[in-house]
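# Breakdown of the fold
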Amino acid sequence: IPLHPTEHSTRDPTTLTFDWHVTLGTRAPDGVEKQVYLINGQFPGPTIEGRSGDRIIVRVHNDLKDDDGVSLHWHGLRMQGFNAMDGAVGFTQCPIPAGSSFVYDFRIRDDEHGTFWWHSHSQLQRADGLFGGLVIHEPRRHKSDIAVQEEALLLIGDWFHRKHSDVLDWYSSPASAGNEPVPDSMVINGRGRYDCSMAVPARPVQCKKTSLSNFPPIIRKSVGETLLRVVNTGTIAGLTLGVDGASLQPTQVDGGCKVDSKPADSVGILYPGERVDLLLKWRSDQAAEPWFNVYLDHENLRFGNPALNPNHTFPALPKTVTAHDRDHASLLKFSSSHLDLATLTATHEPSPIVTAEEEQTILFYVSTQKLAVHGNKPIGFVNHTAWQPQSLPLLSQNRSSWDDNQLIPFIGSGSKPTKVKLVINNLDDGSHPFHLHGHSFHVLSSIKADKAKLGTYNPFETSESDSLGHWQREKPLRKDTVSVPRRGHVVLSFVADNPGMWMLHCHMLVHLGTGMA
Ligand SMILES: [Cu+2]
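Just so it is clear, the structure is predicted and the values come from calculations on it, not from any experiment. Residue positions are given per chain, counting from 1 as you read along its sequence in written order. Side-chain atom pairs in this predicted model are given and counted only at pLDDT of 80 or more, local residue features only at pLDDT of at least 70, and totals for whole chains, interfaces and linings cover all residues. The side-chain quantities take in all heavy atoms of the structure and omit both hydrogens and water.

## Topic: the overall build of the protein chain
A tally of helices and strands in the protein chain yields five helices and 29 strands. Taking the principal axes of the C-alpha coordinates as reference, the protein chain spans close to 65 × 55 × 55 Å. A contact between two residues is defined here by any heavy atoms of the two lying within 4.5 Å. Taking all contacts inside the protein chain whose residues are at least 6 apart in sequence as the whole, residues at least 24 apart take part in 79%. Accessible surface, the protein chain: about 21100 Å² in total, of which carbon and sulfur atoms supply 51%. Charge centroids of the protein chain, computed over 48 positive and 56 negative side chains, lie 2 Å from each other. In this description a helix means any DSSP run of H or I spanning at least four residues, a strand means any run of E spanning at least two, and both kinds are numbered starting from the N terminus. Throughout, the Shrake-Rupley method with a 1.4 Å probe supplies accessible areas, and for residues the shown protein chains are the sole cover considered. In this charge count, Lys and Arg are treated as positive and Asp and Glu as negative; neither His nor the chain ends contribute. We put the charge of a Lys on NZ, of an Arg on CZ, of an Asp on CG and of a Glu on CD.

Below, the structure is given as structure tokens:
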């Protein structure tokens, strides 16, 4: 999806207004027919592009049937002072009922820019196509201040051919034994290349081979530099990316955290909900027909799916589209110049308020449990709570009406911002990408267990200096979505300066759907 940095960076802040009609329609994103959500007939939905300080008004008209309620969440935006516009069903709003409308109206902070996205936060609609891009350009005085004027947005994610409610039904039955469902395919900007012959007899699909000749190329220019803003829009799998004959260099992660890095042949792992901006430079020995390669990380794909090829290749340039067809590569080769996104650091020190000592510590243990009392169905717990939305959003209720499925720590008192240390321990054998609404945090520590030992951390028992691993107190990454490693933990630090009810949850949809929030 081509972006327009020069149009937005140099203009004054303004109000951007959109009218969106939500419907369902049959599309074949990767050759396989599926009912997907459409905005104004489009899948994925429209891309919003703006600049810091813009006001955004989106009038959402739910033209669906059958009581299918909609909400939209603006993933990664601070929503400072706009808690009620956050779109989190169960917390800040009721789903917009079929046949009704709702107006989202909020302002982007003056210091806020980067790669974001919007998606449904109602039921499982995000996995069935209700999402799109949201890019806030950094303000510049002159056009010439924009280092790279060629920008493209890549919404990349795993893809299921079944409706996601069927996927969740399977996962939340004892049959899954708590193993995550394995996606069937992968799409970039709503387009994929599924090999129809891989469909399994048990799950027949309406499949037509996608023709390369009408496949939109991912990059337009075969010379110079292109900034690729990449969003993992998937629900399960982490992504590793590489382009034949080009180097990729991360410049920013999530909502505009600038990072120190070197150019690499491949970059990963980008987990669901995370974003990375990659500066692509073509090398002089550029391949005649370069391909864009994506590898789906297998950590959370513990059940085999014979229908899935974890390696996907897409035509990178217009000239590749006209080239010979090619099957998905059988193996992505990791060269010595692979860049691990977990090793990045920021280019700048955070401001003094951000580096101040934490005043409040919150400790979470997350786990997926199959308890006999729940019929051995996997349920996602945060401490001892499995989340379920109440019929009314918490924001509209008295605290005394909140039920036992809500785990709500209170932060601070009065109007003064509070510095919070948040420790998330992961007791499971797979990672969980956690997303915090309304804030961004610094990642101080991220530990994966070594073999048998559990890498958990209790800050009330163990001091920082006695804890496992390495603390990144200097130039830590600022993010809003972070992968909590398997049987390990993360320590996050943030300034709670945005009063409201903000959700913290796993971004894997089957985990959120079974309570991990
Ligand atoms: Cu999870």
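## Quick look at the coordination of the copper ion
Listed as protein donors to the copper ion are H432 (ND1), C506 (SG) and H511 (ND1); their distances from the metal cover 2.0 Å. Along the chain, the residues donating to the copper ion fall in the pattern H-x73-C-x4-H. Note on C506: relative accessible area 0%, which makes it buried. A residue is classified by how much of its surface remains accessible, and H511, at 1% relative accessible area, is buried. Atoms are scored as donors when they are N, O or S and lie within 2.8 Å of the metal, with 3.2 Å used for Na, K and Ca; no water is included, so coordination may look incomplete. Partly exposed residues are those whose accessible area sits between 20% and 50% of the maximum for their type, while under 20% is buried and over 50% is exposed, using a 1.4 Å probe and protein chains only.

## Details of the UniProt feature "domain: Plastocyanin-like" (unreviewed entry) in the protein chain
UniProt positions are given in the numbering used here, feature names are shortened, and annotations may be inferred rather than shown by experiment. What UniProt calls "domain: Plastocyanin-like" (unreviewed entry) maps, in this numbering, to residues 23–139, 151–288 and 418–517. Secondary structure across residues 23–139 comprises 0% helix and 41% strand; the distance between its end C-alpha atoms is 35 Å. Each end of residues 418–517 is marked by a C-alpha atom, and these two atoms are 22 Å apart; helix forms 5% of the span and strand 38%.

## Things to note about the domain arrangement of the protein chain
Many descriptions give the size of an interface as the accessible area lost when the pieces come together. Segmentation into domains, and thus their bounds, comes from an automatic or database assignment. On domain assignment, one finds that the protein chain holds domain 1 (5–141), domain 2 (154–346) and domain 3 (352–513). Just the C-alpha atoms count here: the centres of domain 2 and domain 3 sit 28 Å apart. Each partner contributes to the interface: domain 2 provides 31 residues, whereas domain 3 provides 28 residues. Carbon and sulfur atoms make up 57% of the surface buried where domain 2 meets domain 3, a total of about 2300 Å² over both sides. When a carboxyl oxygen of Asp or Glu is within 4 Å of a side-chain nitrogen of Lys or Arg, the pair counts as a salt bridge. Remark: the boundary between domain 2 and domain 3 carries three salt bridges. A salt bridge links D254 to K479, with the shortest nitrogen-to-oxygen separation between them at 3.0 Å. Think of a polar contact as two N or O atoms within 3.5 Å of one another; within protein, one of them needs to be a possible hydrogen donor and the other a possible acceptor, and neighboring residues in sequence only count if both atoms come from side chains. For the pair domain 2 and domain 3, the number of links is ten residue pairs in polar contact (both at pLDDT 80 or more). At the level of secondary structure, the elements contributing two or more residues to the side of domain 2 that touches domain 3 comprise α2 (164–171), β14 (257–260) and β20 (345–346). For the side of domain 2 that touches domain 3, the leading source of residues is α2, giving four residues. Buried area, as used here, totals the accessible surface that two parts lose on assembly, with accessibility defined by a 1.4 Å probe and the loss added over both.

## Description of the sheet that holds strand β4 (residues 55–62)
Strand pairing is assigned whenever DSSP identifies at least 2 bridges connecting the two strands. On the basis of which strands lie adjacent, the open sheet formed by four strands has the order β2-β1-β4-β6 and mixed pairing. Strands with a single pairing partner mark the edges of an open sheet, and in this sheet they are β2 (34–39) and β6 (101–107). Along the sheet, successive strands turn relative to each other by an average axial angle of 20 degrees, direction set aside. Note that β4 and β6 share seven bridges and pair antiparallel. Bridge assignment links R59 to a residue of β6, and that residue is V103. For helices, the axis comes from a line fit to the C-alpha atoms of the stretch in contact; other axes are also lines fit to C-alpha atoms, and the angle between any two N-to-C directions lies between 0 and 180 degrees.

## A closer look at the state of the cysteines
Note on disulfides: each one is a pair of cysteine sulfur atoms within 2.5 Å. Tallied over the entire structure, the rule returns one disulfide. Between the sulfur atoms of C196 and its disulfide partner C207 the distance amounts to 2.0 Å. When the S-S torsion is -75 degrees, as for the bridge of C196 with C207, the disulfide is left-handed. Of this pair, C196 sits in the loop between β10 (185–188) and β11 (225–232) while C207 sits in the loop between β10 and β11, and the two are eleven residues apart along the sequence.

## Considerations on unusual backbone geometry
Across the junction of F43 and P44, the peptide omega takes the value -15 degrees, indicating a cis bond. Relative to the helices and strands, P44 is located in the loop between β2 and β3 (48–51). Positive phi, close to 55 degrees, is recorded for D66, a residue that is not glycine. Locating D66 in the fold gives a position in the loop between β4 and β5 (72–75). The exposure class of D66 is exposed, given its relative accessible area of 73%.

## Details of the nonpolar core
Within the largest apolar cluster, 41 residues are counted, with the highest numbers of intra-cluster contacts made by I156, L228 and F292. With 27 residues, the next largest nonpolar core counts L16, V22, F106 and I108 among its residues. Note on terminology: a nonpolar core comprises buried Ala, Val, Leu, Ile, Met, Phe, Trp, Tyr and Cys residues joined through side-chain atoms within 4.5 Å.

## Description of the sheet that holds strand β23 (residues 418–426)
Reading across from one edge, β22-β21-β23-β28-β25-β26 is the order of the six strands in this open sheet, with mixed pairing throughout. In this open sheet, the two strands that pair with only one neighbour each are β22 (378–382) and β26 (478–479). Bridge count between strand β21 (residues 360–370) and β23: seven bridges; the pairing is parallel. Pairing of F364 across the sheet is with I424, part of β23.

## Considering α2
All of the buried residues in α2 are H164, V167, L168 and Y171. Down the axis of α2, the smallest arc covering the buried residues is 95 degrees, so these residues share one side. For this quantity, the arc is that covered by the directions from the helix axis to the C-beta atoms.

## So, the environment of L24
You can see L24 is positioned in strand β1 (residues 15–27). Using a relative accessible area of 39% as the deciding quantity, one classes L24 as partly exposed. When the C-alpha positions of L24 and F43 are compared, they lie 9.9 Å apart, and in sequence the two are 19 residues distant. Look past the residues within four positions of L24 in its chain and what remains in contact with it is Q35, V36, Y37, L38 and L64.

## Describing the packing of aromatic side chains
Both the distance between ring centres and the angle between the ring planes are used here to describe each pair of aromatic rings. Within 6.5 Å between ring centres, the rings of Phe, Tyr and Trp (the latter by its six-membered ring) count as paired, and their orientation is classed by plane angle as stacked under 30 degrees, edge-to-face over 60, tilted in between. Under the definition given, this model contains eleven aromatic pairs. A ring pair is formed by W20 and W118, whose centres lie 4.7 Å apart and whose planes are at 45 degrees; its orientation type is tilted. With W20 in strand β1 and W118 in strand β7 (residues 114–120), the pair connects residues that are 98 residues apart, well separated along the chain. When sorted by exposure, W20 lands in the same class as W118, which is buried. The interplanar angle of 35 degrees and the centroid separation of 5.5 Å between the aromatic rings of F43 and W159 together place this pair among those described as tilted. Here F43 is found in the loop between β2 and β3, whereas its partner W159 is found in strand β9 (residues 151–159), with 116 residues between them in sequence. Taken as a pair, F43 and W159 share a single burial class, namely buried. Cluster of aromatic residues (ring-pair linked, three or more members): F43, W117, F131 and W159. Stacked on the ring of W159, the Lys or Arg K34 has its end atom at 4.4 Å from the ring centre. Placement of a charge over a ring requires the Lys NZ or Arg CZ to be within 6 Å of the ring centre, with the centre-to-atom vector within 35 degrees of the ring normal.

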